[in-house]
Protein chains: 2
Amino acid sequence: MNGLSRPPLSPNESDIPLDTQTSMTFTDSPEPDDCIVLGAGMAGLSAADALRRSGYRVRVLEARDRFGGRLEPGTIAGHPIDLGGMWVSPVQTAVQELIDRFGIRVYEMNLQGRLVGRVGDRRFQVPEEAWDKGLPMLSRLRLGLAASRIRRLMDDIDPERPWASPRAEEYDRETVASWMNRNIRDRTVREVVDFTVKSVFCAESNELSLLFWLFYLKALGGLEVATQGGPGGAQNQLCVGGLHQLATGLAEPLGEALHLSEPAVSVTQTDSGVTVRTAGATYRAKRVICAVPPTLLEHIDFLPKLPTPRQQLLQRQVMGSCIKIWVAWERPFWRNQGYNGMIADAQADFSPVFDAGPPDSDIGLLAGFIEGRAADTWSDQSEEARRDMVLKTLESALGPEARHPIDYVERDWTGERWSRGCYGAFLPPGALTRFGHAIRQPFGRIHWAGTETASVWSGYVEGAIRSGRRAAEEAASQMS
Amino acid sequence: MNGLSRPPLSPNESDIPLDTQTSMTFTDSPEPDDCIVLGAGMAGLSAADALRRSGYRVRVLEARDRFGGRLEPGTIAGHPIDLGGMWVSPVQTAVQELIDRFGIRVYEMNLQGRLVGRVGDRRFQVPEEAWDKGLPMLSRLRLGLAASRIRRLMDDIDPERPWASPRAEEYDRETVASWMNRNIRDRTVREVVDFTVKSVFCAESNELSLLFWLFYLKALGGLEVATQGGPGGAQNQLCVGGLHQLATGLAEPLGEALHLSEPAVSVTQTDSGVTVRTAGATYRAKRVICAVPPTLLEHIDFLPKLPTPRQQLLQRQVMGSCIKIWVAWERPFWRNQGYNGMIADAQADFSPVFDAGPPDSDIGLLAGFIEGRAADTWSDQSEEARRDMVLKTLESALGPEARHPIDYVERDWTGERWSRGCYGAFLPPGALTRFGHAIRQPFGRIHWAGTETASVWSGYVEGAIRSGRRAAEEAASQMS
C-alpha cells in the first residue's frame, strides 16, 4: 500500500497534549491512537485494515453489536446467506483482492433457463442475456435508442468530478423521470427504466437527479453493468458461505481494537488531536476516519461544527428503501421447468428475484427485494402479510410448488437504525453541483469514507473498500 | 378552543400502569403528564398553550437553553431585534390573535422611497410596489405572463392534500428550475424567479420540487404574498420589541413545565402511555406532540421505530441555508436620499435587505440575508470577511455612508445545532407525492406539529402556531 507505511516513532508521539478545553479521564485509552475509524462496515474496516497493516495504531468504533454494516450474515434452512449485499463481479478488483486474500470461493449466479418478466400488461419468459426480447418489437428498438442516448449523456461525465462536467448544471436541475418524460415517448421503455432505477437505488426515478444517476452509472461502467447478471455485470458472482465473510476477514485481525455497540457521540478537534466520546468512554487520536452512512452523522456532535457544505450535503443524502427476502425449498424446482429463477416484474411489489442457491447443495434458494415505493407500504405490515404476498408472486411466476417453501427469512433495511435504508444513498437534483466538491474534502483531522464517497463503484461494496483505502492513505499522509 | 376542554378527572387517572418492559424511576416526574411536547419553538409552545389553557397537564422539553426556536431575541446598538423570524402580516390570523393577546405593537416596514435592484447587468431604483418597472419592458411583460401561468398551475392544488392534485405526479417529478427552463425563455424572468425562490426558501430553484413550490405558495395565498412587503404581503409588519415576544408570551405561563437544555433522547410507546427519556430524566404522559424540526428527529430514538414513510420523509426534508445580518447606523441615512433601504440584487450574495428600523427611535437599522448557495461559502468565512462583504454591498447600493455603521450583528442559522438551517424545510422532487400523506399522520400516541406540517402558511410562524393548535386538538381528542 503505497504511501501508507508508518514512519518511525518520534520520541514524544504518545505525548499529544490534552484537549485544553475539557478535563477528561483516559482510563479507556491511556495511549492515543494514530487513527480512530467510526463505523465497521466495509469502508471503515478497509480503512482500519490498510492502516493496521502499515503499522499504525488504529481503533474502530461501531454502533451495532456486530461488524459488517450493510453486509450481514444470516441462515436459511441451515445454510449461510447474506441478509445484505451479496453479489460481486470479476471486474471489481478491490473485492477480488479480498476474496483471494481470505480464500473465499465464488460461483456464478444461476442464469440457465428463462427469466419470468412483466412490463405493463405483457408477461414474457426469455433468457436473462436477451431479456429485452420480452418487449414488443418497437419498444425493443426504442429501448436500444434510449440506451444509446443515455450512454452519450454519460460520455462527458468524469466520475471523479461529476459536478464539473460541461453540462452538469443542466443535468442536475432535473430528475431521471423528467428527463425521460421529454426524451422517451414509449411508455414501455419508461417502465423499464423506472424498474432499473428502482432495482439499483431502491428509490424512484422522480427522486434522483439526472446528473447523479449518470455519475453513478458511469462510476461502475455503464447501464448494462448495473443491471446484468452475466460476466461483467454487477450481479454476477456469489460467495460460498456469503459475501459477509469479507467483513469477518478484515475485522478479526483487529481484535480488541474493534469496539462493538459503541456509537460515537461527539468528535472534538483541537490543534493537537481529535477526541471521540462514546456513551461510556473517551478516546484520542491524531486522525479520525468517518465511515458512517451519511444520514447517521446527524447523531454525532462535531466540534467545531461541520462545514456548512458538508452539513447541507448530509441533509440531502437519502437512503434507498429495501426489504430483502430469502425463500428456501427442498430443491430448486424451477430449474427443472426451464426457469432460471429470475423474476423481473415491473408491476410486482416483490421483484427482482434471483436464484441464489449454492453450488454445493441441492437446496433451492431465491433471494428477492421489495424496493422503493413498495417498501413504504410493506415495511409496516406484518411478516405474515409480506410472506403471503411474496409467495403469491413466486407462485404466479414459477408455479404452485413455490407455495411450499421450507424456510423464509427477511431483513427490512428501512427499519435498521444504524443504516436507515439500503443499498446506498442517492442525491436529489441540485445537490451534486452545489455540494459534490465537498464529498471527500477532509475537515481538519477528519477524513470521509463510505461507498457514497467513492468515484468508482459508488454505492457498492467495491466502492466502500476503495473509499476506506483512499481515506486511510489521506490520513496516513498527514501522520508522517 | 373547540374540542379541547379537558374532561373531568377519572378516578384512576394518575394511575397509568408502568411500562412493563423496563424498570424506571420516576423521581423527576412522579405524576404522568397528559401530554409532553418536544420542542419549544412556536409550534410546540402553541400546542402547550392550547392544552394548558384547556386544563391539561402539559410538559415541554426543549433542547436549547432558550425557548422560541427560529424566533430569537437579540440586540443591536441597544435596540431589541429579531435574530430569527421577524415579519408578520395582517392576514395571518393566528399571529394577530397572539399579538393582540400579548399587547404587542406592530408597525409597517418602511417602504417609502425607492428600492435598489439588480437583475443581470441591469441596476435600477424603483418603488417597492412597482419593482418590476426596473426590468426591461419585454421582460416585464413576460414576467406577467409567467406569473399568470404559475397561478394557473396552482389553481387545482389543494394545500391540505397537494399530493392528491390532479397533476401531482407531473409536477412532483421535476424541479422549479427544470419547469422554468421549458416554460420561461426570458433569462431575466428566470433570474427573477430564481431570486424569489432563494429569498423564500434559502434554497435554489434546481432543488425544489415544482409541486412543493406550488403547494407552498398556494398555502400562503400566492406568489405575490410571498414576495411583497405591502399590506397583504408576508413581509409587511414588524413588532415593536421583536416578534420573539410571541414566544415569551406563550412560554412564561408554562413556568416549571418548560424544561430548557433537555433534548429528548428516546420516545417509547406502550399500550398504556409514552415514556420520554432525556440525558438525566424520564417522563411519562398519555400523548406526545413532536414539534422538533424534521432534520433533528434523527437524534431521537423512537420505540417502536417510526413508520417507514415518516422515516423516509424525514430524510428528504432539507432545511434552507441562511445567515441573517443586522447593521445599525446613527440615522437611517438612506431615507433622506429617497431610498426605502430595500435591496433586491439578484447578483449579490447579501440580498435581499430591508429597512427594519423601529418607529420610536432615530436609529437606522437594516436587516438582510445571505441565502442558499451564497450561504455555503460565507458560512465558513470569518465574521470580519462577511462584514466586509456586507458593507461593500450596502455601500454600492446606498452610498458611502453605509461604510460607517455603529453596530453589526449576525446569526448563522446553518450552524445552529438545533435548527440545522432556516427559514424552513423544503422538499425535493418525488417526496410530496410519495410521503406527503404521512406528514400529519399520528403514530400511535405521537402527534406531529411544526410549521412544515401546516397546510396554511407552511414555513411561517403563522403555520407553526396553527400546526401546534391542530396537534393539540388531535391529542386532546384522544385523551377524553
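Please read all numbers here as calculations on a predicted model, not as lab measurements. Once a new chain begins, its residue numbering starts again from 1 and follows that chain's sequence as written. As a convention, the first chain written is A and the first ligand written is 1, with the rest following in written order. Where totals are concerned, whole chains, interfaces and linings use all residues; where local detail is concerned, this predicted model gives features only for residues with pLDDT of at least 70, and gives and counts side-chain atom pairs only at 80 or more.

1. Digging into the overall build of chain A
The helix and strand labels rest on DSSP assignments: H or I over at least four residues marks a helix, E over at least two residues marks a strand, and numbering proceeds from the N terminus. The helix and strand tally for chain A stands at 15 helices and 21 strands. Reported as C-alpha extents along the three principal axes, the dimensions of chain A are approximately 70 × 50 × 40 Å. Buried, partly exposed and exposed are defined by the number of other C-beta atoms within 10 Å of a residue's own C-beta, namely 20 or more, between the two limits, and 12 or fewer respectively, with C-beta atoms placed from the backbone. Looking at chain A as a whole, 56% of its 480 residues qualify as buried. In chain A, 75% of the contacts between residues at least 6 apart in sequence involve partners at least 24 apart. By definition, residues are in contact whenever their C-beta atoms, placed on the basis of the backbone, come within 7 Å of each other.

2. So, the packing of helix 3 (residues 137-155) of chain A against helix 6 (residues 187-201) of chain A
For any two helices packed against each other, the geometry comes down to the angle between their axes and how far apart the axes lie. Residues and elements named next belong to chain A. Every axis in this analysis is a line fitted to C-alpha atoms, fitted for helices over the stretch in contact. Angles between the N-to-C directions lie between 0 and 180 degrees. The interhelical angle for the contact between helix 3 and helix 6, taken along N-to-C directions, is 55 degrees, at an axis separation of 9 Å. Relative to helix 6, the element helix 3 is oriented oblique. Remark: the crossing between helix 3 and helix 6 carries right-handed chirality. Side by side, helix 3 and helix 6 meet where Ser139, Arg142, Leu143 and Ala146 of the first sit next to Thr188, Val189 and Val192 of the second. Residues of the contact of helix 3 with helix 6, tallied by class, amount to 4 nonpolar, 2 polar and 1 charged. Orientation labels follow simple angle bins: below 35 degrees gives roughly parallel, above 145 gives roughly antiparallel, 65 to 115 gives roughly perpendicular, and whatever is left gives oblique. Each helix crossing is assigned a hand: it is left-handed if the near helix lies turned anticlockwise from the far helix by less than a right angle, otherwise right-handed if that turn is clockwise. Three categories are distinguished: nonpolar for Ala, Val, Leu, Ile, Met, Phe, Trp, Tyr, Cys and Pro, charged for Asp, Glu, Lys and Arg, and polar for the others, with Gly belonging to the last.

3. Structural notes on helix 6 (residues 187-201) of chain B
All names here are of chain B. Taking 1.5 Å as the rise per residue, helix 6 with 15 residues should run 21 Å; its terminal C-alpha atoms sit 21 Å apart, in good agreement. Listing the buried residues of helix 6 in full gives Val189, Arg190, Val192, Val193, Phe195, Val197, Lys198, Val200 and Phe201. Residues of helix 6 that are buried sit in contact with strand 6 (114-119), helix 3 (137-155), helix 5 (176-183), helix 8 (223-227), strand 18 (364-371) and strand 20 (425-426). In the segment just after helix 6, Cys202 is the residue with positive phi, at about 55 degrees. Here the expected span of a helix is defined as 1.5 Å times the quantity of residues minus one.

4. What about the pairing of strand 10 (residues 264-269) of chain B?
Residues and elements named next belong to chain B. Two strands form a pair only when DSSP identifies at least two bridges running between them. Pairing between strand 10 and strand 11 (residues 274-278): 5 bridges, direction antiparallel. Note that in strand 11 the partner of Thr268 across the bridge is Thr275. The turn joining strand 10 and strand 11, which pair antiparallel and follow one another in sequence, is formed by 4 residues. By the bridge criterion, 3 bridges tie strand 10 to strand 13 (residues 301-303) in an arrangement that is parallel. Opposite Val267, over in strand 13, you have Phe302 as the bridge partner.

5. Some thoughts on the domain arrangement of chain A
All names here are of chain A. The split of the chain into domains comes from an automatic or database domain assignment. For chain A, the domain assignment lists domain 1 (13-68 + 244-317 + 442-477) and domain 2 (137-227). Computed from C-alpha coordinates alone, the two centres of domain 1 and domain 2 are separated by 34 Å. With 6 residues of domain 1 at the contact, the number on the domain 2 side is 5 residues. Counted by class, the side of domain 1 that touches domain 2 contains 3 nonpolar, 3 polar and no charged residues.

6. A look at unusual backbone geometry
In this model, Ser351(A) is joined to Pro352(A) through a cis peptide bond whose omega is 5 degrees. Along the chain, the position of Pro352(A) falls in strand 17 (residues 350-355). Residue Tyr423(B) follows Cys422(B) across a cis peptide bond; omega there is -5 degrees. Relative to the elements of secondary structure, Tyr423(B) occurs in the loop between strand 19 (407-412) and strand 20. For Arg420(A), which is not a glycine, the phi torsion comes out positive at approximately 65 degrees. Note on placement: Arg420(A) falls in the loop between strand 19 (407-412) and strand 20 (425-426). Positive phi is not limited to glycine here, since Ala77(B) has a value of about 50 degrees. Secondary-structure assignment places Ala77(B) in the loop between strand 3 (73-76) and strand 4 (79-82). Among the residues examined, Ala77(B) registers 19 C-beta atoms within 10 Å and is labelled partly exposed.

7. Focus on the relation of the copies chain B and chain A
Note: a rotation about an axis with an accompanying shift along it relates these two copies of the chain. In this comparison the copies share one frame, found by least squares on the C-alpha atoms of residues holding pLDDT of at least 70 in both. Superposition of chain B onto chain A requires a rotation of 180 degrees combined with a translation of 0.0 Å along the rotation axis, giving an RMSD of 0.0 Å. Such a combination of rotation and displacement between the chain copies is what one expects of a two-fold axis.

8. Details of the pairing of strand 12 (residues 282-290) of chain A
Residues and elements named next belong to chain A. Of all the 9 residues making up strand 12, 8 are buried; the element is thus mostly covered by neighbouring parts of the structure. Here 5 bridges tie strand 1 (residues 33-38) to strand 12, and the two strands are oriented parallel to one another. Of the residues in strand 12, the one forming a bridge with Val37 is Ile289. The pairing of strand 11 (residues 274-278) with strand 12 spans 4 bridges and is antiparallel. Note that in strand 12 the partner of Arg277 across the bridge is Thr282. Where strand 11 hands over to strand 12, the hairpin turn is made up of 3 residues, counted between the paired strands. As defined by bridge partners, strand 12 adjoins strand 21 (residues 446-448) across 3 bridges and the pair is classed as parallel. Note that in strand 21 the partner of Cys290 across the bridge is Trp448.

9. Focus: the interface of chain B and chain A
Contact residues are listed per partner, giving 36 residues for chain B and 36 residues for chain A. Looking at the side of chain B that touches chain A, the elements that each hand over two or more residues are helix 5, helix 10 (308-316), strand 14 (318-319) and helix 12 (373-379) of chain B. Element by element, the count of residues in the side of chain B that touches chain A is highest for helix 10 of chain B, at 6 residues. When its residues are assigned to classes, the side of chain B that touches chain A shows 8 nonpolar, 15 polar and 13 charged.

10. As for the environment of Asn181(A)
All names here are of chain A. Positionally, Asn181 belongs in helix 5 (residues 176-183). Looking at Asn181, the number of C-beta atoms within 10 Å reads 17, which means it is partly exposed. Along the chain, Asn181 and His404 lie 223 residues apart, while their C-alpha atoms are 42 Å from each other.

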